[in-house]
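Geometric and topological summary
Listed below are the residues making up each chain.
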Amino acid sequence: MITFDDLNISPNILKAIGNLGFEHPMPVQQQVIPRILEQTDDIIVMAQTGTGKTAAFGIPIIQQIQTRINAPQALILSPTRELCIQITADLQSFAVHERGINILAVYGGASYENQLRELKKGVHIIVATPGRLTDLIERKAVPMTNIATVVLDEADEMLNMGFQESIASILEKVPAEHRTLLFSATMPKEVATIARKYMVSPDEIVVGTKNSASANVSHVVYPVNGRDKFKALKRIIDSVPQIYGIIFCRTRRDTQEIASMLVTNGYNADALHGDLSQAQRDAVMNKFRVQNISLLVATDVAARGIDVDNLTHVIHYDLPDDIEAYTHRSGRTGRANKKGISVSLVSSREKNQLSQIERILKISFKTEKIPTGKEISKAQMMHWVGRLDTVAVSHHMLRKMVPGVYDMLEQFDKEELIRRLAGLEFEKLLAEYGNAEDIESPDLEIKIKKASKRQSFEDRSDSGENFTRLFINLGKMDGLFPRELMGLINKSVRGERVTFGKIDLMREFSFFEIESQQVGSLMKNMKNVNFGNRRVEISLAKKDQGDAGRSNGKMHNNGFRKPSRVSA
Ligand code: AMP
């Protein structure tokens with residue numbers, strides 16, 4: 001097996017690596033470290049966070065710094081302030097036994113003053129967000145003549161965040177005699193363009209599979225009806241007593257809402273999204289890092305650059321619209337050779353996204369059923385018994401601090417004591433799951449197949465060929481009647497003429513028909529719409545939904561049985 005000793009690393013850095021407890025180089029380090037040390041060409045490395053890429057470029061960069069030159073020799077560009085700080089800390093830890101290497105993090109949102117002062121004193125390596133570095137270069141605060149290496153770390157994320165121009169302007173100002181090392185988890189065309197324009201015949205090193213998620217992550221899908229998602233989330237969390245993970249939502253509002261609902265339900269959770277100030281975000285991240293909170297509910301944007309090891313789970317409360325975001329999200333777990341689980345709660349509305357992720361990222365999902373109350377109780381109790389088994393108790397201290405406790409407990413025999421302790425521990429769990437019904441898992445597979453057939457059941461409608469039957473998660477108990485339904489739709493699609501067909505109102509949900517050609521734009525406009533305090537969910541009606549309603553006579557005939565054209 002290859003060791004760090006085989007990679008031409010200097011003794012001082014080897015000592016530092018030893019102190020960090022790194023035993024063997026990770027695959028990206030095996031490939032990249034000797035390559036940077038022995039050759040001078042440009043390289044593209046397809047690797048995602050968690051693979052050990054920071055050490056892969058950080059170790060050889062440290063080794064190549066010439067401390068007698070008091071000027072920047074390496075620029076490392078990274079997408080976020082958090083990542084800058086993390087990379088700087090990693091580099092400093094590799095350089096602890098080297099004398100006089102100065103590494104500076106510069107990023108937006110912090111005062112210029114300190115950064116300018118440090119730059120003036122002289123630094124060898126700058127780790128920067130592109131925007132701030134461009135500003136500092138424009139202020140002539142960064143001597144560029146000795147820059148020999150530029151690293152573009154998480155290039156895809158930087159371009160995603162709109163740093164294209166800043167990166168281009170930086171690359172145009174470094175001396176011609178430099179090398180560029182580009183690290184990216186995925187290779188969208190924007191990254192390929194930068195590589196083509198600013199790199200000289202770069203070789204590509206792929207760690208794992210290109211555009212795919214980490215091999216250490218297993219991917220699980222829980223098919224669930226949209227209205228059951230929160231209940232399902234709670235069950236999944238409850239079934240893993242030591243969960244430590246990130247829950248991804250699509251919008252800031254959902255993020256805040258889910259986090260608040262989790263806290264109300266007694267979970268250790270908090271939200272991370274763009275409406276928070278930098279100080280608030282830092283506070284949340286610090287709590288999460290030290291595991292003061294075990295669940296972070298985040299948007300994709302806010303979670304960029306989160307570098308926390310040992311996450312057990314990433315949960316996609318909603319699948320991302322952007323396929324590649326799935327790779328980034330999932331890559332937050334399964335880091336540093338640890339195993340991780342990426343869990344997706346998928347409603348039938350998201351089945352197309354799921355099949356795209358499956359196809360494009362070549363991920364094979366394992367479909368599981370939402371844990372039952374019995375399974376959750378078993379998982380929690382086994383965990384509790386495990387804790388009882390390993391807990392360290394100081395009898396002496398207990399007797400000293402609370403002298404009467406043994407006498408008081410003596411009145412219970414062993415079995416009674418176990419029963420009562422378990423009762424105390426699981427009171428809430430049993431109340432919640434003792435008589436709870438299982439959560440229904442809709443069959444996404446069948447729907448995927450059927451949806452792909454032309455003239456599927458979803459196209460059929462009572463109102464004729466041109467009408468499509470839709471399901472809405474609101475019913476009469478929510479105060480939804482034909483007028484309210486039409487009002488809701490018309491308000492949301494603004495300006496378009498919606499032609500309604502038949503409307504069937506049920507107690508908890510309803511069906512309605514509109515002209516097929518209007519379905520696409522309606523679905524788009526109805527994202528993130530509320531009715532009262534409920535989020536509106538509209539999807540194509542399933543055949544069995546409609547048929548069941550008709551056959552058991554529960555379907556309410558509201559006077560719109562004959563197609564009735566109502567103009568918006
Ligand atoms: P990165 O992909 O650079 O964010 O690294 C992910 C994590 O792996 C970091 O916490 C590193 O400290 C850790 N790490 C990097 N290289 C090794 C190694 N050779 N052995 C063990 N852990 C490592």
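Residues numbered from 1 in each chain as written. Predicted model: local features only at pLDDT ≥ 70, side-chain atom pairs only at ≥ 80, totals over all residues. Heavy atoms only, no water.

1. Some details on the overall build of the protein
- Counting its regular elements, the protein contains 22 helices and 20 strands.
- Here the protein holds 568 residues, and 50% of them are scored as buried.
- Put simply, 76% of the contacts in the protein that link residues at least 6 apart link residues at least 24 apart.
- Element-wise, carbon and sulfur atoms account for 50% of the exposed surface of the protein, whose accessible area totals about 28,200 Å². (Helix = DSSP H or I, 4+ residues; strand = E, 2+ residues; numbered from the N terminus. Buried < 20%, exposed > 50% of the residue type's maximum accessible area, 1.4 Å probe, protein only. Contact = heavy atoms within 4.5 Å. Areas by Shrake-Rupley, 256 points an atom, 1.4 Å probe, with all protein chains shown as cover.)

2. Comments concerning the site of the ligand
- The local shell around the ligand holds 15 residues, among which Gln 29, Gly 50, Gly 52, Thr 54 and Asp 309 are the closest.
- Side-chain polar atom of Gln 29 to a nitrogen atom of the ligand: 2.8 Å apart, as the coordinates give it.
- With respect to the ligand, the side chain of Asp 309 contributes an N or O atom lying 2.5 Å from an oxygen atom.
- With the chains in place, 83% of the 500 Å² that the ligand exposes on its own is no longer accessible.
- Its residues assigned to classes, the shell around the ligand shows five nonpolar, seven polar and three charged.
- Both domains that furnish three or more residues to the shell around the ligand are identified here as domain 1 (4–206) and domain 2 (217–367). (Near = heavy atom within 4 Å. Polar contact = N/O pair within 3.5 Å; in protein donor to acceptor, adjacent residues only side chain to side chain. Nonpolar A, V, L, I, M, F, W, Y, C, P; charged D, E, K, R; others polar. Domains from an automatic or database assignment.)

3. Focus on unusual backbone geometry
- If you check the backbone angles, Gln 291 has positive phi at about 65° while not being a glycine.
- For Gln 291, the position within the fold is in the loop between α12 (278–289) and β11 (295–298).
- A positive phi angle, near 65°, is found at Asn 528, a position not held by glycine.
- Among the structural elements, Asn 528 can be located in the loop between α21 (519–525) and β18 (530–531).

4. Some remarks on the packing of aromatic side chains
- Throughout the structure, instances matching the rule amount to eight aromatic pairs.
- Residues Tyr 326 and Phe 365 carry aromatic rings whose centres are separated by 5.8 Å and whose planes lie at 70° to one another, so their mutual orientation is edge-to-face. Of this pair, Tyr 326 sits in helix α13 (residues 323–330) while Phe 365 sits in the loop between α14 (351–360) and β14 (366–367); the two residues are 39 residues apart in sequence, bridging distant segments of the chain. Here the two residues Tyr 326 and Phe 365 agree in accessibility, since each one is buried.
- Pairing Phe 509 with Phe 511 gives two aromatic rings, centres 6.0 Å apart and planes at 85°, and the pair type is edge-to-face.
- Note on Phe 509: relative accessible area 27%, which makes it partly exposed.
- Members of the aromatic cluster, connected to one another through ring pairs, are Phe 471, Phe 509 and Phe 511.
- The ring of Tyr 112 is capped by Arg 132, whose NZ or CZ atom sits 3.6 Å from the centre of that ring. (Phe/Tyr/Trp six-rings, centres within 6.5 Å; stacked < 30°, edge-to-face > 60°. Lys NZ or Arg CZ within 6 Å of the ring centre and 35° of its normal.)

5. Here we look at the pattern of salt bridges
- Taken as a whole, this structure holds 26 salt bridges when the rule is applied.
- Among the salt bridges present, the one from Lys 229 reaches Asp 318, with a minimum N-O distance of 3.5 Å. Of the two residues, Lys 229 is situated in helix α10 (residues 229–238) and Asp 318 in the loop between β12 (313–316) and α13; the sequence distance between them amounts to 89 residues.
- Judged by its relative accessible area of 11%, Asp 318 is buried.
- For Lys 366, the salt bridge identified is with Glu 368, shortest N-O distance 2.9 Å.
- Glu 368 sits in the partly exposed class, given a relative accessible area of 28%.
- Through salt bridges that share partners, Lys 229, Arg 250, Asp 318, Asp 321 and Glu 350 make up one connected network. (Salt bridge = Lys/Arg side-chain N within 4 Å of Asp/Glu carboxyl O.)

6. Some thoughts on the pairing of β12
- The alternating pattern of β12 places His 313 and Ile 315 and Val 314 and His 316 on opposite faces, both of which are buried.
- As paired elements, strand β9 (residues 245–248) and β12 share four bridges and run parallel to each other. Directly across from Ile 247, in β12, lies its bridge partner Ile 315.
- Strand direction decides the pairing type here: β12 and strand β13 (residues 340–346), joined by four bridges, are parallel. Counterpart to His 316 in the pairing with β13 is Ser 344.
- On the question of chirality, the crossover connecting β12 to the parallel β13 by way of α13 is right-handed. (Pairing = 2+ DSSP bridges. Right-handed = clockwise from strand over helix to strand, strands pointing away.)

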